[in-house]
Amino acid sequence: MWRPPTRLPRSLHPGAWWLWALGLATAATRTTNPLLLALILAVAACVVVARRSDAPWALGFRLYLWLGAIIVVSRVVFRIVFGGGEGDHVLFTLPHVPLPEWAAGIRLFGPVAVEHLLGGAYDGLRLATMVVCLGAANALANPKRLLRAVPGALYQIGTAVVVALSVAPQLVESVLRVRRARRLRGARHEGVRALRGIVIPVLEDALDRSLALAAAMDSRGYGRRGPQSARMHAITGVLVVGGLAGVCVGLYGLLDATAPRYLGLPMLSAGLAAAASGFTLSGRRVLRSVYRPDRFGAAELMVAGCGLATAAGLYLTMRVDPANLYPSLSPLAWPPFAPLPAIAILTGLLPAWLAPPPPKDTEVTPTGPRDDAVVIG
Amino acid sequence: MRRGRGRWGRAATAVLVSVGAMLAPTAPAAAGMVSAPRLTGKAGYCPDANGVTVVIDFQELGGATIVRCAVGDQATGLAALKNAGISITGTSRWGEAFICRIEGKPTAATEPCIDTPPTTAYWSYWHAPNGGTWTYSQVGVMNRKPPLGSFEGWSFSLNKTASTAPPPRIAPVRPAAPKPSAAPSTVRSKPPKPLSKPTPPPATAGSPAVTQPAGSPTANPTAATDTASALPGSADATTWTGDVGRAAGTTDDRGLPVATLVGVGVLGAVTAGGLLTARRRRALD
Amino acid sequence: MIEFSDVTMTYPDAPAPAIAGLTLHIPEGELCLVAGRTGAGKSTLLRAINGLFPHFTGGRLQGRVTVAGRDTRAHHPREFADLVGVVGQDPLAGFATDTVEEELAYGMEQLAVPGPVMRKRVEETLDLLGIAELRRRPLRTLSGGQQQRVAIGAALTAHPKVLVLDEPTSSLDPTAAEEVLATIARLVHDLGVTVVVAEHRLERVVQYADRLIYLPGDARAVIGTPAEVLADSVVAPPLVELGRLAGWAPLPMSVRDARRLAAPLRARLAGVEPLSRPGAGDGAVLLRARQVVVRYGTVVAVRGVDLDLRAGSVTALMGRNGSGKSSLLWALQGSGPRQGGRVDVNGVDPQRRSAREARRLVGLVPQTASDLLYLETVDAECAQADRESDSPAGACRALLDELMPGIPDGHHPRDLSEGQKLALALAIQLVAAPPVVLLDEPTRGLDYPGKRIFARVVRELAAADRAVVVATHDVEFVAAAADRVVVMADGEIVADGPTADVVVASPAFAPQVAKVLDPLPWLTVDQVADALSRVPA
């Protein structure tokens, strides 16, 4: 029996997972078919469950699912409250609340039709699927390792983001500790007054900590730069800023149909080229090495490829059989389910088997409550 | 561990319930969807003032212009459209408050009908009193009650601005019954004289079929289709384009949505696989 | 290696220089200890070695500081990264990454060390510090001692010639502190690293030090070998004080040296009973706790603890980090989670009452006293505390003056010294006049005189018929202030008895005097002094 080659558990380059998730999210934008969207959701959740590591940052996927559910429910509730759509199949009728003349376009409550509700649900489901795909990327790829892979010129921005991500749980801990201490003072929760008693110690604490962190990072050599002449500095600056401006103009030209042709794609490419050269030039100045950098290998290509194949498959479906992707609501019809989009989406499930399993040696369980820390129970 | 199993059981139930809730509201509608849409209304112009005549001009989309009559008092322009027996598709976002597709055109390839179509390709809404001129409607299809005897027009505007949208190419004039009428907005065709030979109406798709009894003076310069005059049956055949854009093949003979069920099955399989993997991982850790 | 030439350092907006006219030479491979009262300038001195003063903190530097020939005036701290490694007081606040391995590599990344070299050095450092099994652990889940070692390792991977440590053992229990200090000594002796350490609790470090810089607080510095400097300084570990009392010369720096000189003293004290404190152990029971259980998720912090607190007694709660001391104190006060058991203060369970009422039953000063302080001036805090406890205006201020006189009204609470902050927090909690007072690690930032004052405060509280519990690591403080010691481990009480009984024979918890005069049950220098005054010479 053929056995797959032994794979060592390792963590993939975070970019691979992000490309996979972006492919799924792009696929989700192309359709409102609830079956296809739910399938994308299920595929994303499956891959997360199969390939997620045990580190604490990987356990937040559930929150994204909850967020998605909230999005769908709020869309449907919004549709119920602000009627406006008509449908043949009325589920129930809420009392119509008449509005004054100037708001005559808005209709509050009134008869609630299935088509209208479903329209809201489909819309919300699409957004929820995109959110869950991004949550899957967050759960599969350590966001901080992704920030380590940014080009040299953006390294300092990346570090700032990494530090901010590390500081957030400390802030939460700080707030909890201070709230506990407020109880010791017998303070009643008086709204704004209570807020002051919490916010000020937390902010002061945060300020002290950030100063300590800055001193520590400075002492360890963060921010060393090689020598560079003022002329080079100016050139790099002009390239980067000009390139980014060109990108903005090019994007605008591309999206606006009435803009002249040269403002579109040519400007976008020129801007990208200028910005990229500016970044590489300025990146050369940063003296830094990377400890055990993530490499983009075959497994990463496969994972990214699966996600992009899903997006490509749905684009293809749009050319071949678009009715499949947009089930009609008026008149009401069962959502269709065709092989082509289904296979495209199931391609996104392949990383659950083909990607290497995550490494198991991250110990998450703490040694017990520390006396000098708040353990949040 | 017991707690873990309970948790996965709950998760599985939640998933299945949500999928079911998504599709359940369509169940009561299933009954209504199995049968073909009823062909209400009458083909051709309304014979008298008791009804609203609906004119659909596809313009560049291709297809013979449709003229049908919604008999009786119509509450809104939308009701007139529906009661004339014309199949329409609204948008996902606004329901039928904005008409996106009429008789299946434009197809889902060009317009998915999720949100309001762009001003470069949409169905423009016109109305006219009998014998008047087409006026671009300032209100939506659900906010207007067409008076009895008036005309409702739909014309596809492609790559035009709001001010240059093309009105339907058929005059909003109800042909008179076969007795002379002294109305100022004169109907152009007069009853055929006995010695004229009736000319069979050329059934050309893409151009309005012009039937003119030979010999009758055609004073009206606008080419108009007199589809209601002498040949009701064939008029039906030439201008009624049928159910082109309806969601095809979602039901089979027994009334079950096979494809949807297959889809739900695949979804359930993937979810079950995921829950199993999760439980196995939990057990290993 | 390190040269200070007539250095004067003045902070911006400060009336007087923090350090004036300091000339110092630290040769290679020495362990240099910096001691002094709080606020005397220890941290300032350490920052000057690295260049953090003046480049990071601002201020004016007069004179020259060079490390291995590099002048701090001309180079930023980041250019000293390959030469000087710095470990701050709170290691967690100085971590720039998530896991141990990444933290060790961080410094090398900033110095653009090539990849293979980085890997080799990380492995070596993991072995050197004995943290190899922790390599992939998130930093936040490590214990205090482990974090401290990781911080030292992170500084060492850059192979610096100088290592600067600011109070490395302040938050560690005695055993962990011993480990860290042993590591540091090994660095000095094996690797030839020059180490400069600032410490309050001199008793732990002074035996390893080659040089002592004592800052009395008036901007001067007294430099010399420990024995020379400590001969007449105010700040001195108990061993040195005992030596001064008994007239030993040279002054012993370690327990071993002291024991060699202690035979005559032991002979003199044989048969003399140490003075026991009055009223310990026979007051009414103010707080009764039975089978207290505290759980955080699946982790059990306190497992069925029984505890009685009597009026007039001072109880010390000791145990390694993570043994459940803080959790127990919070559960007794009623503000922390308690999943099982009963707590009874005069027939009332503080957890079932509102926060205001619980405060009147049991007062708790938390580990970070500044968590309680949020107003702008000392006065405002006192006034607020009076309002919160429904006591007459000025009660809190009066209490504060009793505890520690001389704290100005208009000062911002965060600008106070550690001892003053502690006194303010204690006054705020005492205004509600609770019969039971709990203190969680109060002595962390205090120097010897501060601890002496605080011990007096605690004894006075007990004398006012209160029950006081102090959770602490500080063995000397326990010997000076506590009547009863309760030792916790793994959530349970493993020892409970009078101080002398519990503490004397234990290798981890015995004060230095006890270790020297073992097997005699003497705990503090004051006891010995008192006994010597009673015994004829």
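Note that the structure is predicted; figures quoted are calculated from it, not measured.

Participant: Outline the overall build of chain C, supporting the account with residue identities and numerical values.
Facilitator: Looking only at helices and strands, chain C has 21 helices and 19 strands in total. For a compact globule of 537 residues, the expected C-alpha radius of gyration is about 24 Å, and chain C comes in at 24 Å, within 12% of that figure. For the C-alpha atoms alone, the extent of chain C along its principal axes is close to 70 × 60 × 50 Å. Look at the contacts in chain C between residues 6 or more apart in sequence, and 69% of them connect residues 24 or more apart.

Participant: For the pairing of strand β12 (residues 299-310) of chain C, give the residues involved together with the corresponding values.
Facilitator: Residues and elements named next belong to chain C. When strand β11 (residues 285-296) meets β12, the two strands line up antiparallel, connected through 9 bridges. Counted as the bridge partner of Val285 is Arg310 from β12. Adjacent in sequence and paired antiparallel, β11 and β12 are bridged by 2 residues, among which Gly297 carries a positive phi angle near 65°.

Participant: I'd like to hear about the domain arrangement of chain C, residue by residue, with values.
Facilitator: Residue and element names in this part refer to chain C. Along its sequence, chain C is carved into domain 1 (2-233), domain 2 (236-270 + 512-537) and domain 3 (311-337 + 348-503). Each of domain 1 and domain 3 has a C-alpha centre, and these two points are 31 Å apart. Each partner contributes residues to the interface: domain 1 has 12 residues there, and domain 3 has 14 residues. For the side of domain 1 that touches domain 3, the per-class residue count stands at 1 nonpolar, 8 polar and 3 charged.

Participant: Quick one: what's the story with the interface of chain A and chain B, residue by residue and with numbers?
Facilitator: In this assembly, 44 residues from chain A lie in contact with 41 residues from chain B. Per-element accounting of the side of chain A that touches chain B gives the leading share, 10 residues, to helix α2 (residues 34-51) of chain A. Of the residues contributing to the side of chain A that touches chain B, the split by class is 30 nonpolar, 9 polar and 5 charged.

Participant: Can you lay out the sheet that holds strand β1 (residues 2-10) of chain C for me, pointing to particular residues and giving the numbers?
Facilitator: Adjacent strands of a sheet pair through backbone hydrogen bonds, lying either parallel or antiparallel. Residue and element names in this part refer to chain C. Read from one edge of the open sheet, 4 strands run β2-β1-β4-β5, paired in antiparallel fashion. In this open sheet, the two edge strands, each paired with only one partner strand, are β2 (19-26) and β5 (70-71). Pairing of strand β4 (residues 60-67) with β5, which is carried by 2 bridges, proceeds in the antiparallel orientation. Within the sheet, the bridge partner assigned to Thr66 lies in β5 and is Asp71. Sitting on the sheet, helix α1 (residues 42-50) is in contact with β1, β2 and β4, with an inclination near 125° to β1.

Participant: Break down the nonpolar core for me, with residues and values.
Facilitator: Core analysis: the largest hydrophobic core is formed by 193 residues, its most contacted members being Val195(C), Ala427(C) and Val470(C). When residues of this core are assigned to their parent elements, the largest contribution, 8 residues, is made by helix α16 (residues 418-430) of chain C. Contacts of Val470(C), omitting those with residues within four sequence positions, involve Val314(C), Ala316(C), Leu317(C), Leu439(C), Pro442(C), Val458(C), Ala481(C) and Ala482(C). Ranked by size, the runner-up nonpolar core spans 70 residues in total, among them Ala38(A), Cys133(A), Leu140(A) and Ala355(A).

Participant: I'd like a rundown of the pairing of strand β2 (residues 51-57) of chain B, residues and numbers included.
Facilitator: All names here are of chain B. Most of β2 sits inside the fold, with 7 of its 7 residues counted as buried. Residues Gly51, Thr53, Val55 and Asp57 line one face of β2 and the alternating positions Val52, Val54 and Ile56 line the opposite face, and both faces are buried. Pairing geometry for β2 and strand β3 (residues 66-71), over 6 bridges, is antiparallel. Opposite Val55, over in β3, you have Val67 as the bridge partner.

Participant: Hey, could you go over the packing of helix α1 (residues 14-29) of chain A against helix α10 (residues 298-320) of chain A for me, with residue numbers and the actual values?
Facilitator: Residue and element names in this part refer to chain A. Put simply, α1 and α10 touch, their axes get as near as 7 Å, and they point 10° apart. Here α1 is positioned roughly parallel relative to α10, judged by the angle of their axes. For the pair α1 and α10, contact is made by Ala16, Trp17, Leu19, Trp20, Ala21, Leu22, Gly23, Leu24, Thr26 and Ala27 and by Glu300, Val303, Ala304, Cys306, Gly307, Leu308, Thr310, Ala311 and Leu314, respectively. Split by residue class, the contact of α1 with α10 holds 14 nonpolar, 4 polar and 1 charged.

Participant: Tell me about the interface of chain C and chain A, residues and numbers included.
Facilitator: Chain C puts 59 residues into the contact, and the matching count from chain A is 48 residues. Counting residues per element, the ones that place at least two in the side of chain C that touches chain A are α3 (100-110), α4 (115-129), β11, β12, α12 (325-333) and α13 (355-361) of chain C. Sorting elements by how many residues they give to the side of chain C that touches chain A places α3(C) first, with 6 residues. Among the residues forming the side of chain C that touches chain A, the class breakdown is 27 nonpolar, 19 polar and 13 charged.

Participant: Explain the sheet that holds strand β17 (residues 467-471) of chain C to me, using residue names and the numbers behind them.
Facilitator: All names here are of chain C. Strand order in the open sheet formed by 6 strands is β15-β16-β17-β13-β18-β19, with mixed pairing between adjacent strands. Only two strands of the sheet have a single partner each, and these edge strands are β15 (362-365) and β19 (492-498). With direction set aside, neighbouring strand axes in the sheet form an average angle of 15°. With 6 bridges connecting them, strand β18 (residues 484-489) and β19 associate as antiparallel partners. In the strand pairing of β19, Val485 is matched with Gly497. Across the sheet, α12 is in contact with β13 (314-318), β15, β16 (436-440), β17 and β18; its angle to β16 comes to roughly 150°.

Participant: Now, about the environment of Leu31(C): what can you tell me, with residues and values included?
Facilitator: All names here are of chain C. Within the element layout of this structure, Leu31 appears in strand β3 (residues 31-36). Here the alpha-carbon distance between Leu31 and Arg211, two residues 180 residues apart in the chain, equals 6.6 Å. Not counting residues within four places of it along the chain, the set of residues in contact with Leu31 comprises Val188, Val195, Val197, Tyr208, Ala209 and Asp210.

Participant: So what's going on with the environment of Ala165(B)? Residues and values would help.
Facilitator: All names here are of chain B. Its place among the elements puts Ala165 in the loop between β8 (151-158) and α4 (232-239). Ala165 sits in the partly exposed class, given 19 other C-beta atoms within 10 Å. Sequence separation between Ala165 and Tyr122 is 43 residues; the distance between their C-alpha atoms is 9.8 Å. Apart from the residues lying within four places of it in its own chain, the contact partners of Ala165 are Ser124, Tyr136, Ser157 and Lys160.

Participant: An account of unusual backbone geometry is requested, with residue identities and associated values reported.
Facilitator: The amide bond that connects Lys105(B) to the next residue, Pro106(B), takes the cis arrangement and shows omega of -5°. Of note, the bond from Asp518(C) into Pro519(C) is cis; its omega dihedral lies within 30 degrees of zero at 10°. Along the chain, Pro519(C) falls in the loop between α20 (512-517) and α21 (525-534). The phi dihedral of Ala219(C) is positive, around 70°, even though this residue is not glycine. Relative to the helices and strands, Ala219(C) resides in the loop between β9 (211-215) and β10 (222-224). You will see that Asp390(C), though not glycine, has its phi angle at about 55°, which is positive. Considering the arrangement of structural elements, one finds Asp390(C) in the loop between α14 (378-388) and α15 (395-403). C-beta crowding within 10 Å serves as the criterion here: with 11 such atoms nearby, Asp390(C) is assigned to the exposed category.

Participant: Account for the packing of α15(C) against α16(C), with residues named and values stated.
Facilitator: The description of two packed helices rests on the angle between their axes and on the distance between the axes. All names here are of chain C. Running from amino to carboxyl end, α15 crosses α16 at an angle of 135°, the nearest separation of the two axes being 9 Å. What the angle tells us is that α15 and α16 run oblique. When the axes of α15 and α16 are compared, the crossing they make is right-handed. Contact residues: Cys396, Leu399, Leu400 and Leu403 in α15; Ala423, Leu424, Leu426, Ala427, Ile428 and Leu430 in α16. Split by residue class, the contact of α15 with α16 holds 10 nonpolar, no polar and no charged.

Reading guide: rules and limits
- Residues numbered from 1 in each chain as written.
- Chains lettered and ligands numbered in written order.
- Predicted model: local features only at pLDDT ≥ 70, side-chain atom pairs only at ≥ 80, totals over all residues.
- Helix = DSSP H or I, 4+ residues; strand = E, 2+ residues; numbered from the N terminus.
- Rg over C-alpha atoms; globule rule 2.2 N^0.38 Å.
- Contact = placed C-beta atoms within 7 Å.
- Pairing = 2+ DSSP bridges.
- Domains from an automatic or database assignment.
- Nonpolar A, V, L, I, M, F, W, Y, C, P; charged D, E, K, R; others polar.
- Axes fitted to C-alpha atoms, helices over the stretch in contact; angles between N-to-C directions.
- Core = buried A, V, L, I, M, F, W, Y, C linked by C-beta atoms within 7 Å.
- Buried ≥ 20, exposed ≤ 12 C-beta atoms within 10 Å, placed from the backbone.
- Parallel < 35°, antiparallel > 145°, perpendicular 65-115°, else oblique.
- Left-handed = near helix turned anticlockwise from the far one by under 90°.

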